[in-house]
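Here are the chains, one letter per residue:
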Amino acid sequence: MQLTQALVEVEEKLQTLLQELRSLQVYCRSLEEENLRLKRELCSFGDSEQAKVVENAAKIEGEGHDNLARLYNEGFHVCHLHFAQPREGDCLFCMGFLRKDEL
Amino acid sequence: MKILCTRDNLLNGVQMVQRAVPSKNALPILSGILLKAQNNRLYFTGTDLEMGIFCSTPVQVIEEGSAVLQARIFSDLVRHLPDTTIEMELIPGTKTVSIRYNPSETSINGMDPEEFPVIPELDDNLTIRLRTQIFKHMVKQTAFAAALDENRPIFTGVLLAIENSQLRMVATDTHRLAYKTGVIESTFETAWQAIVPAKALVEVSRLIKEEDESITLVLTDNQVLFRFGDTSVVSRLIEGQFPNYKQVIPSSCKTKLRVGTKAFAEAVERASLLAREGSNIIKLKIQDNVMVITSNSPDLGKSYEEIDIENQGEETQIAFNSRYLSDVLKVIETDEILIELTGSLSPGIIRPLEAENYLYLILPVRTN
């Protein structure tokens, strides 16, 4: 009797696992479809649009650097350790950070 | 506890561990030294919970046991003991230790050894070994560059890192940075790094005796143990991420000059006397083959120093805090140094001539 009971339990567990697997399969398929759609969308962008994006990114980066440099010159740390804390004298790490940005 | 020993036995142990005993502390037990007699040795322990020092000395143990005595009074007594056989005994049923040196005797009231903090034993699985001479040099040339400001704990420590089977020590207070590498004896493949309080490294360096040949470092996630001779020092590590020091070291320079260490150090010392108080600014003007060092204090006067150099690059001008310069000139041992500069705003680099294993980075002061 005990063995039969055990087998029944195993069967139940297997069934729930199977159900889970099926729901995951559905989810996986939907993700794949979306991925394909996004890829197609991405390819449809022309060179001019891509150039615009790159240019915008560079502009944002430049502005970011200028903002940080200004913040530093106004007397605040821009290194991640002491970001925005008032500084006394120059800080090696802020300067290293700003220099790396320039490269 | 009952032992027979000499004054030197006690003096050595007490002087060693006393360095860790805090001068003032809310916990009275920490003002004591733990004495433990076992296996014909007397073990001494002192700690301020940040750092612990242990050492041991051979004595004749008649009865094993332990006691805690006030560090101040015990060390003062030991210093004044006569040079004869000394008997120390914990009076049974009390915390008082009787110290007998025939025909006299002093009794000191102690504290309960059970209350003394247990310093955890560290596993030996991650250890590195290096020569004490190398270790001492490394500490001497880096630890001074660490910050004293406790508000920024990371910079009060020295980064110890192992890369390519070499030990690196890096210390910075964000205005200057010292970097030194040293050879380790044991092979150590894994990359590892930790931030050790500069104070602990200086203390270890001070405790190392001339006859101690090598020092072993035992590493764990939050503590490091230094073992040399009969002494061990355990220190907590400073938590946090040390900033990327490699990023701040410039890879090229426009001015590269060679100068005699002694002449430069003396000129800097003299110029610093007349540097404006507080900022300690001295100016360096690098020309073809001379360097002019000037300082000016409106109240005191001004200084003009000229020394010969060998310049292989552009002429330039730069201003430094003289303290940062004289600090490094005190620890460089070669006769000549190399100075690398790029304009008056970029950090300058000072290295000993023909020694690749040391580098000192110093930020200039803006003068206008």
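Our subject is the structure listed above.
Bear in mind that the values here come from a model prediction, so they are computed numbers and not experimental data.

1. Some points on the packing of aromatic side chains
Okay, so step 1: Inspection of every chain in the model, using the stated rule, returns five aromatic pairs over all chains.
Okay, so step 2: Measuring from ring centre to ring centre gives 6.3 Å for B:Phe155 and B:Phe242, while their planes differ by 70°; the resulting arrangement is edge-to-face. Within this pair, whereas B:Phe155 is found in the loop between α3 (132–142) and β11 (157–163), its partner B:Phe242 is found in the loop between β17 (231–236) and β18 (255–260), the two being separated by 87 residues in sequence.
Okay, so step 3: Through a chain of ring-to-ring contacts, three or more aromatic side chains come together here, namely A:Phe93, B:Phe155 and B:Phe242.
Okay, so step 4: Across from the ring centre of A:Tyr72, 3.8 Å away, lies the NZ or CZ of A:Arg87, which sits over that ring.

2. Points about the sheet that holds strand β20 (residues 290–297) of chain B
To summarise the sheet geometry, strands pair through backbone hydrogen bonds and adopt either a parallel or an antiparallel arrangement.
Residues and elements named next belong to chain B.
Okay, so step 1: The four strands lie next to each other as β21-β20-β19-β23, forming an open sheet whose pairing is antiparallel. Strands with a single pairing partner mark the edges of an open sheet, and in this sheet they are β21 (301–308) and β23 (316–321). Sheet twist, expressed as the mean angle between neighbouring strand axes with direction ignored, is 20°.
Okay, so step 2: Two elements, strand β19 (residues 281–286) and β23, share six bridges in a ladder whose sense is antiparallel.

3. Quick notes on the interface of chain B and chain A
Okay, so step 1: Tallying the contact residues gives 22 residues for chain B and 15 residues for chain A.
Okay, so step 2: Here chain B meets chain A over a buried area of about 1,500 Å², counting both sides, of which 65% is carbon and sulfur.
Okay, so step 3: In this structure, the connection of chain B to chain A is made through one salt bridge.
Okay, so step 4: In this structure, the salt-bridge partner of B:Arg366 is A:Asp90, at a minimum N-O distance of 3.2 Å.

4. Let's talk about a nonpolar patch on the surface
Residue and element names in this part refer to chain A.
Okay, so step 1: On the surface, Val10, Leu14 and Leu17 cluster together to form a nonpolar patch covering roughly 290 Å² of accessible area.
Okay, so step 2: With respect to the secondary-structure elements, Val10 resides in helix α1 (residues 2–43).
Okay, so step 3: Residue class for Val10 comes out partly exposed when judged on its relative accessible area of 46%.

5. Comments concerning the environment of B:Cys55
Residues and elements named next belong to chain B.
Okay, so step 1: Relative to the helices and strands, Cys55 resides in strand β4 (residues 51–58).
Okay, so step 2: In this structure, the C-alpha to C-alpha distance between Cys55 and Leu42, residues 13 residues apart in sequence, is 8.4 Å.
Okay, so step 3: Setting aside anything within four residues of it in sequence, one finds Cys55 in contact with Gly13, Met16, Val17, Leu42, Tyr43, Phe44, Asp230 and Thr231.

6. Quick word on unusual backbone geometry
All names here are of chain B.
Okay, so step 1: Cis geometry is found at the peptide bond from Asn102 to Pro103, where omega equals 0°.
Okay, so step 2: The residue Pro103 is located in the loop between β8 (96–101) and β9 (104–109) in this model.
Okay, so step 3: Of note in the backbone geometry, Ser165 takes a positive phi value of approximately 55° without being a glycine.
Okay, so step 4: Within the secondary structure layout, Ser165 lies in the loop between β11 and β12 (166–172).
Okay, so step 5: Look at Ser165 and you get partly exposed, because its relative accessible area is 29%.
Okay, so step 6: Unusually for a residue other than glycine, Glu354 sits at a positive phi of about 55°.
Okay, so step 7: When you line up the elements, Glu354 lands in the loop between β25 (348–352) and β26 (358–362).

7. Comments concerning the environment of B:Pro298
Okay, so step 1: For B:Pro298, the position within the fold is in the loop between β20 and β21.
Okay, so step 2: Taking the C-alpha atoms as reference, B:Pro298 lies 62 Å from B:Glu114; in sequence the two are 184 residues apart.

8. Looking at the sheet that holds β8(B)
All names here are of chain B.
Okay, so step 1: On the basis of which strands lie adjacent, the open sheet formed by five strands has the order β5-β1-β7-β8-β9 and antiparallel pairing. This sheet does not close on itself; its edge strands, each paired only once, are β5 (60–63) and β9. Adjacent strand axes in the sheet meet at a mean angle of 20° when their direction is disregarded.
Okay, so step 2: Judged from the six bridges that link them, β8 and β9 form a sheet pairing that is antiparallel. Paired with Val97 across the bridge in β9 is Ile108.
Okay, so step 3: Contacting β7 (86–90), β8 and β9, helix α2 (residues 71–79) runs over the sheet at an angle of about 165° to β9.

9. Describing the environment of A:Ser23
Residues and elements named next belong to chain A.
Okay, so step 1: Mapped onto the fold, Ser23 is located in helix α1.
Okay, so step 2: Owing to a relative accessible area of 43%, Ser23 belongs among the partly exposed residues under this scheme.
Okay, so step 3: As a C-alpha pair, Ser23 and Cys79 span 56 residues in sequence and 48 Å in three-dimensional space.

How each quantity is defined
- Residues numbered from 1 in each chain as written.
- Chains lettered and ligands numbered in written order.
- Predicted model: local features only at pLDDT ≥ 70, side-chain atom pairs only at ≥ 80, totals over all residues.
- Heavy atoms only, no water.
- Phe/Tyr/Trp six-rings, centres within 6.5 Å; stacked < 30°, edge-to-face > 60°.
- Helix = DSSP H or I, 4+ residues; strand = E, 2+ residues; numbered from the N terminus.
- Lys NZ or Arg CZ within 6 Å of the ring centre and 35° of its normal.
- Pairing = 2+ DSSP bridges.
- Axes fitted to C-alpha atoms, helices over the stretch in contact; angles between N-to-C directions.
- Contact = heavy atoms within 4.5 Å.
- Buried area = accessible area lost by both parts, 1.4 Å probe.
- Salt bridge = Lys/Arg side-chain N within 4 Å of Asp/Glu carboxyl O.
- Patch = residues over 30% accessible without salt bridge, like charges linked within 9 Å, V, L, I, M, F, W, Y side chains within 5 Å.
- Areas by Shrake-Rupley, 256 points an atom, 1.4 Å probe, with all protein chains shown as cover.
- Buried < 20%, exposed > 50% of the residue type's maximum accessible area, 1.4 Å probe, protein only.

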